[in-house]
Amino acid sequence: MTNTFAQDILEGLTAKEKHLPSKYFYDDNGSRIFQDIMNMPEYYLTNAEFEILSMQCQQITEALQFSTPFNILELGAGDGLKTFKLLEYLVANNIDFNYLPIDISKEAMDILEKRLKERLPGISIKPQVGDYFEILKENKQSEHPSLLLFLGGNIGNYLEDKAKELVQLFNKNMKKGDKLLIGFDLKKNPITIHDAYFDKHGITKRFNLNLLIRINRELDADFKIDDFDFYAHYNPLTGDVKSYIVSLREQTVQLKAINKTITFGYNELIWTELSKKYALNEIEKLAGATNFDVKSNFLDCKHYFTDSLWEKV
């Protein structure tokens, strides 16, 4: 248990409107449940982006317009599955590049490096473990142009100001002419989005309630999991999906490790996650506000998702 975890949980649960940071979903069990979410037929995001990166490798590569060897930096690379087809295309076509996957997990980077060297012999891979921005700052000194990858629709987890702040930080740590390929989940039929986030199988509910189990374990708390439920709501006008844990009764929970007591009202909500869906004009607006120029939007066949290619101006 880190002090940061305890501080963040306490801050969220004692706020006027209770909330918990979604970054804490991903303990070992949470990561396994998230794999189950990605395998649900209703959860279209993974397949939509995989289709783009598998079927449009040539178009993406041509749109980069890099005439010299270049670096590809993938932020939060994880298992590297999303980018494999793009890397495979580049290697097969003898395109000169260095792949720098970045993740906070050394284990994930070791596994990724081993797997890629087996599957793509000859690939130049230099895994980086640590903070995105420290590594980007260092890369800014490279003589090679760079392509940053921020995939998976992760930008949707940030409130508008925070999303802008994050993308401005990317821009600050890039050279003029560098490119950013950034994934956005698009506004679409509200029912499609609702079914992906409030699934009938109850997997997303398990994913959210697992955070209470984690708090029980790490902060010696006594959340009674059956006394809480899960709800997700999509607002098609703003594009916001908001997820909540719901207290089913008035109750008190002890966080013994930090000697705190939290009270919950009947039907009180704990906000756990934002997942914003974008319209194409909102993507243009975000790029313009952060000193990027949109070069191309690569869409899947259903137009559910886009990997948007931006250039630093």
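Use the structure listed above.
These figures come from a predicted structure and were not determined experimentally. (Residues numbered from 1 in each chain as written. Predicted model: local features only at pLDDT ≥ 70, side-chain atom pairs only at ≥ 80, totals over all residues. Heavy atoms only, no water.)

### Comments concerning the environment of valine 241
With respect to the helices and strands, the residue valine 241 is situated in strand E7 (residues 240-247). Judged by its relative accessible area of 2%, valine 241 falls in the buried class. Valine 241 has contacts with Ile193, Tyr197, His233, Tyr234, Glu273, Leu274, Ser275 and Lys277, leaving out every residue within four places of it along the chain. (Helix = DSSP H or I, 4+ residues; strand = E, 2+ residues; numbered from the N terminus. Buried < 20%, exposed > 50% of the residue type's maximum accessible area, 1.4 Å probe, protein only. Contact = heavy atoms within 4.5 Å.)

### Topic: the sheet that holds strand E4 (residues 146-150)
Read from one edge of the open sheet, seven strands run E3-E2-E1-E4-E5-E12-E11, paired in mixed fashion. Among the strands making up the open sheet, the edge pair consists of strand E3 (128-129) and strand E11 (292-299). Bridge count for E11 against strand E12 (residues 305-312) is seven bridges, and the pairing is antiparallel. In the strand pairing of E12, valine 294 is matched with tryptophan 310. Together, strand E1 (70-75), strand E2 (97-103), E3 and E4 form the strand contacts of helix H7 (residues 132-139), whose direction differs from that of E1 by roughly 170°. (Pairing = 2+ DSSP bridges. Axes fitted to C-alpha atoms, helices over the stretch in contact; angles between N-to-C directions.)

### Overview of the sheet that holds strand E10 (residues 269-276)
Note on sheets: strands pair through backbone hydrogen bonds, and any given pair is parallel or antiparallel. The sheet built from three strands is open, its strands ordered E6-E7-E10 with antiparallel pairing. Each edge of the open sheet carries a strand with a single partner, namely strand E6 (228-235) and E10. The average undirected angle you get between the axes of adjacent strands in this sheet is 20°. Pairing analysis gives seven bridges linking E7 to E10, with the strands arranged antiparallel. Each bridged residue has a counterpart across the sheet, and for serine 243 the counterpart in E10 is glutamate 273.

### Quick look at the packing of helix H2 (residues 28-38) against helix H10 (residues 203-218)
For any two helices packed against each other, the geometry is given by the interaxial angle and the distance between the axes. Where H2 contacts H10, the axes come no closer than 9 Å and their chain directions differ by 165°. Between H2 and H10, the angle falls in the class roughly antiparallel. For the crossing formed where H2 meets H10, the hand is left-handed. Here Asn29, Gly30, Ile33, Phe34, Asp36 and Ile37 of H2 lie close against H10, whose contacting residues are Ile203, Thr204, Arg206, Phe207 and Asn210. Grouping the constituent residues of the contact of H2 with H10 by class yields five nonpolar, four polar and two charged. (Parallel < 35°, antiparallel > 145°, perpendicular 65-115°, else oblique. Left-handed = near helix turned anticlockwise from the far one by under 90°. Nonpolar A, V, L, I, M, F, W, Y, C, P; charged D, E, K, R; others polar.)

### A look at helix H11 (residues 280-289)
Among the residues of H11, Ile283, Leu286 and Ala287 are the ones counted as buried. All buried residues of H11 project into a common sector of 100° when viewed along the axis, lining one side. Opposite its buried face, H11 presents the exposed residues Asn281 and Lys285, each directed more than 90 degrees away. The inward-facing, buried residues of H11 abut helix H8 (160-172), strand E5 (179-185), E11 and E12. Of the residues trailing H11, asparagine 291 is marked for its positive phi of about 65°. (Arc of directions from axis to C-beta.)

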